[in-house]
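Structure at a glance
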Amino acid sequence: MIELAVAVLIVCAAAIYWYARLFPAGWGRLRMAIGLAAPARSSTGPTTGKGCGGCTGCDRAGKGGCH
């Protein structure tokens, strides 16, 4: 009986993992619907659309690119 319970838990975990990977927008809506907050995005990480000046990880000495 314990083996069945463990197998069911593994299958459920795999289903949740792949649902979140394949349907990120749906996963976000589902998390918000059940009251879980979406993960906050870091404001110091690489940014898209702002160029290299929009993040704090750039090499300001001119020796290399961004990150």
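Preceding this section is the structure that the text describes.
Attention here is on the structure that accompanies the text. (Residues numbered from 1 in each chain as written. Predicted model: local features only at pLDDT ≥ 70, side-chain atom pairs only at ≥ 80, totals over all residues. Heavy atoms only, no water.)

1. Describing the overall build of the protein chain
Assigned secondary structure in the protein chain consists of two helices and zero strands. Buried positions account for 7% of the 67 residues belonging to the protein chain. Of the roughly 5800 Å² of accessible surface on the protein chain, a fraction of 67% belongs to carbon and sulfur atoms. (Helix = DSSP H or I, 4+ residues; strand = E, 2+ residues; numbered from the N terminus. Buried < 20%, exposed > 50% of the residue type's maximum accessible area, 1.4 Å probe, protein only. Areas by Shrake-Rupley, 256 points an atom, 1.4 Å probe, with all protein chains shown as cover.)

2. So, the packing of helix α1 (residues 2-22) against helix α2 (residues 24-33)
Running from N to C, α1 and α2 cross one another at 115°; their axes reach a closest spacing of 5 Å. Contact residues: α1 offers Ile 16, Tyr 19, Ala 20, Arg 21 and Leu 22, while α2 offers Pro 24, Gly 26, Trp 27 and Leu 30. The residue makeup of the contact of α1 with α2, split by class, is seven nonpolar, one polar and one charged. (Axes fitted to C-alpha atoms, helices over the stretch in contact; angles between N-to-C directions. Contact = heavy atoms within 4.5 Å. Nonpolar A, V, L, I, M, F, W, Y, C, P; charged D, E, K, R; others polar.)

3. Describing the packing of aromatic side chains
Two aromatic rings, taken as a pair, are described by how far apart their centres are and by the angle between their planes. In the structure shown here, the tally under the stated rule is three aromatic pairs. Ring centres 5.5 Å apart and planes at 45° place the aromatic pair Tyr 19 and Phe 23 in the tilted group. Relative to Trp 27, the ring of Tyr 19 lies with its centre 6.3 Å away and its plane at 75°, an arrangement referred to as edge-to-face. You can call Tyr 19 partly exposed: its relative accessible area is 33%. (Phe/Tyr/Trp six-rings, centres within 6.5 Å; stacked < 30°, edge-to-face > 60°.)

4. With respect to a nonpolar patch on the surface
Nonpolar side chains collect at one region of the surface, where Tyr 17, Trp 18, Tyr 19, Leu 22, Phe 23, Leu 30, Ile 34 and Leu 36 lie side by side and expose about 840 Å² of accessible area between them. Examining the composition of the nonpolar patch, we find that four residues originate from one element, α1, more than from any other. Relative to the assigned elements, Trp 18 resides in helix α1. Of the residues examined, Trp 18 reaches a relative accessible area of 47% and is grouped as partly exposed. (Patch = residues over 30% accessible without salt bridge, like charges linked within 9 Å, V, L, I, M, F, W, Y side chains within 5 Å. Salt bridge = Lys/Arg side-chain N within 4 Å of Asp/Glu carboxyl O.)

5. Re the environment of Trp 27
Within the secondary structure, Trp 27 sits in helix α2. Trp 27 sits in the partly exposed class, given a relative accessible area of 26%. Sequence separation between Trp 27 and Tyr 17 is ten residues; the distance between their C-alpha atoms is 9.9 Å. Dropping the residues within four chain positions of it, Trp 27 is found in contact with Ile 16, Tyr 19 and Ala 20.

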